[in-house]
Amino acid sequence: MEKRLIDRVALVTGAASGIGMAIALRFAKEGAKVSVVDLNLEGANKVVNEIQDEGGKAIAVQCDVSNEDQVGRAIEETEENLGRIGILVNNAGIINYSLVKDMTTEQWHKIFKINVDGMFYFSRILIKSMQKGDRIINMSSLNALCGQVTAAHYAATKAAILGFTRSLALEVAHKGITVNAIAPAMILTPMSEGLEAMPDYAKEVPVKRYGTPEDVAAAAAFLASPESGFITGQVIVVDGGNILLNPTQRILVQLLGL
Ligand SMILES: NC(=O)c1ccc[n+]([C@@H]2O[C@H](COP(=O)([O-])OP(=O)(O)OC[C@H]3O[C@@H](n4cnc5c(N)ncnc54)[C@H](O)[C@@H]3O)[C@@H](O)[C@H]2O)c1
């Protein structure tokens, strides 16, 4: 594997599981020192052990991204142990399901606190010390573009992430810092448990398979690398072609047996 992130310090939130874990492992393989930030310290420690077993450098940091003070401490702990953070991946997120008519105010605010406020807290601090070549990568979702029945609050947070990404990209572009987002479709992780309830899902995806955390990590590694320096304020959709299937295309694909 190419080592595009040698000597870089990356902080990845929600890195104890799923997509964040795959990103932490991929970044470490590419030479980065990784701060594995998560509410779940036990899970974060396991990821750190895996990185260290492969000869990489990482630390586990327990942090609730929706708590401003904890975010500040997580950044300090990372910089004391690994050095100045040049790559930030705002990946931590939650989902739960409810029709809007049944959604509670608590549900609405909690999801924004974790999925959106956390990203804001980390970004606001780190853009002050970030330099030319540094990177912010925010985890959105295909739901930001298509909506999600029973998770309007989640889709709204993921759309908010895109608005923030584009705005911050413009604010820091002159410094040579890029800010981009990734919008995955359903990816096999603990968050998407229950996917088995949709046995035909993989058949419906144009590339005919489920997405994996490693698919998303590959996009994140590209965005973190020097190769993506002229790309900012963008969203990379990692969905196996899902979004292309509007009703007309779906019918044509089926008619032609493609
Ligand atoms: N899995 C999918 O199908 C999918 C699709 C599109 C986007 N996403 C997004 O990708 C990101 C990662 O999702 P995943 O599928 O890997 O989920 P996951 O549940 O496997 O992992 C999420 C991680 O975030 C951590 N976390 C939750 N709340 C936190 C908090 N307050 N502070 C710190 N850490 C916290 C959890 O402990 C967990 O380790 C999320 O932002 C999610 O919305 C996932």
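Residues numbered from 1 in each chain as written. Predicted model: local features only at pLDDT ≥ 70, side-chain atom pairs only at ≥ 80, totals over all residues.

Caption draft 1: Main features of the site of the ligand. Near the ligand lie 29 residues; those nearest to it are Gly 14, Gly 18, Gly 93, Thr 189 and Met 191. Sort the elements by how many residues they give to the shell around the ligand and helix H1 (residues 18-29) lands first, with three residues. In terms of residue class, the shell around the ligand is made up of 14 nonpolar, 13 polar and two charged. (Near = placed C-beta within 6 Å. Helix = DSSP H or I, 4+ residues; strand = E, 2+ residues; numbered from the N terminus. Nonpolar A, V, L, I, M, F, W, Y, C, P; charged D, E, K, R; others polar.)

Caption draft 2: View of the sheet that holds strand E6 (residues 178-184). With respect to topology, seven strands assemble into an open sheet ordered E3-E2-E1-E4-E5-E6-E7, the strand pairing being parallel. Single-partner strands in this sheet number two, and they are strand E3 (58-62) and strand E7 (235-238). Neighbour-to-neighbour, the strand axes of the sheet open up by a mean angle of 15°, direction not taken into account. Sheet analysis places strand E4 (residues 87-90) next to strand E5 (residues 135-139), joined by four bridges and oriented parallel. Residue pairing for E5: Val 89 is matched across the bridge by Ile 137. Where H1 meets the sheet, it contacts strand E1 (9-13), strand E2 (33-38), E3, E4, E5 and E6, and its direction lies at approximately 170° from that of E1. Contacting E2 and E3, helix H2 (residues 41-53) runs over the sheet at an angle of about 175° to E3. (Pairing = 2+ DSSP bridges. Axes fitted to C-alpha atoms, helices over the stretch in contact; angles between N-to-C directions. Contact = placed C-beta atoms within 7 Å.)

Caption draft 3: The packing of helix H3 (residues 68-82) against helix H4 (residues 105-129), seen in detail. Close contact between H3 and H4 brings their axes to 10 Å; oriented N to C, the two are set at 45°. By the angle class used here, H3 and H4 are oblique. Here the hand of the crossing between H3 and H4 comes out right-handed. Along the contact surface, H3 presents Glu 68, Val 71, Gly 72 and Ile 75, while H4 presents Gly 118, Tyr 121, Phe 122, Ile 125 and Leu 126. Split into classes, the residues belonging to the contact of H3 with H4 amount to six nonpolar, two polar and one charged. (Parallel < 35°, antiparallel > 145°, perpendicular 65-115°, else oblique. Left-handed = near helix turned anticlockwise from the far one by under 90°.)

Caption draft 4: Geometry of the nonpolar core. Counting 73 residues, the largest nonpolar core has Ala 10, Val 12, Ala 24, Phe 27, Val 36 and Ala 220 as the members making the most contacts within it. In terms of residue count, the dominant contributor to this core is H1 (eight residues). Ala 220 has contacts with Ile 23, Val 89, Ile 137 and Ile 182, leaving out every residue within four places of it along the chain. (Core = buried A, V, L, I, M, F, W, Y, C linked by C-beta atoms within 7 Å. Buried ≥ 20, exposed ≤ 12 C-beta atoms within 10 Å, placed from the backbone.)

Caption draft 5: Layout of unusual backbone geometry. The backbone phi angle of Asp 7 is positive, close to 70°, even though this residue is not glycine. Along the chain, Asp 7 falls in the segment before E1. Assessed through the 10 C-beta atoms surrounding it within 10 Å, Asp 7 is described here as exposed. Residues other than glycine seldom take positive phi values, yet Lys 208 does so here, at roughly 65°. Structurally, the position occupied by Lys 208 is in the loop between helix H7 (201-204) and helix H8 (213-224).

Caption draft 6: Main features of H8. Its twelve residues give H8 an end-to-end C-alpha distance of 16 Å, which sits within 8% of 16 Å, the value for a rise of 1.5 Å per residue. Turning to H8, its buried residues are Pro 213, Asp 215, Val 216, Ala 217, Ala 219, Ala 220, Ala 221, Leu 223 and Ala 224. (Expected span 1.5 Å × (residues − 1).)

Caption draft 7: Looking closely at the pairing of E4. Residues Ile 87 and Val 89 of E4 are buried on one face, and the alternating residues Leu 88 and Asn 90, pointing to the opposite face, are buried as well. Direction of pairing for E1 relative to E4: parallel, over a ladder of three bridges. Bridge pairing in E4 places Leu 11 opposite Leu 88. The β-α-β motif built from E4, the intervening H4 and the parallel element E5 has right-handed crossover chirality. (Right-handed = clockwise from strand over helix to strand, strands pointing away.)

Caption draft 8: Highlighting the packing of H1 against H8. One can describe the packing of H1 onto H8 by two numbers: an axis separation of 8 Å at closest approach and a directional angle of 50°. If you check the angle between H1 and H8, you find them oblique. Our pair here, H1 against H8, has a crossing hand that is right-handed. Contacts from Gly 18, Ile 19, Met 21, Ala 22, Ile 23, Arg 26 and Phe 27 of H1 reach H8 at Pro 213, Glu 214, Val 216, Ala 217, Ala 220, Ala 221 and Ala 224.

Caption draft 9: Seen up close, the environment of Pro 247. Position of Pro 247 relative to the elements: it lies in helix H9 (residues 247-256). The exposure class assigned to Pro 247 is exposed, which follows from the 7 C-beta atoms found within 10 Å.

Caption draft 10: The pairing of E6, seen in detail. Among the seven residues that make up E6, seven are buried, leaving the element largely enclosed by the rest of the structure. In E6, alternate side chains face the same way, and those of Thr 178, Asn 180, Ile 182 and Pro 184 on one face and Val 179, Ala 181 and Ala 183 on the other are all buried. Direction of pairing for E5 relative to E6: parallel, over a ladder of five bridges. Directly across from Arg 135, in E6, lies its bridge partner Thr 178. Judged from the four bridges that link them, E6 and E7 form a sheet pairing that is parallel. When the sheet's bridge partners are listed, Ala 183 is paired in E7 with Val 237.

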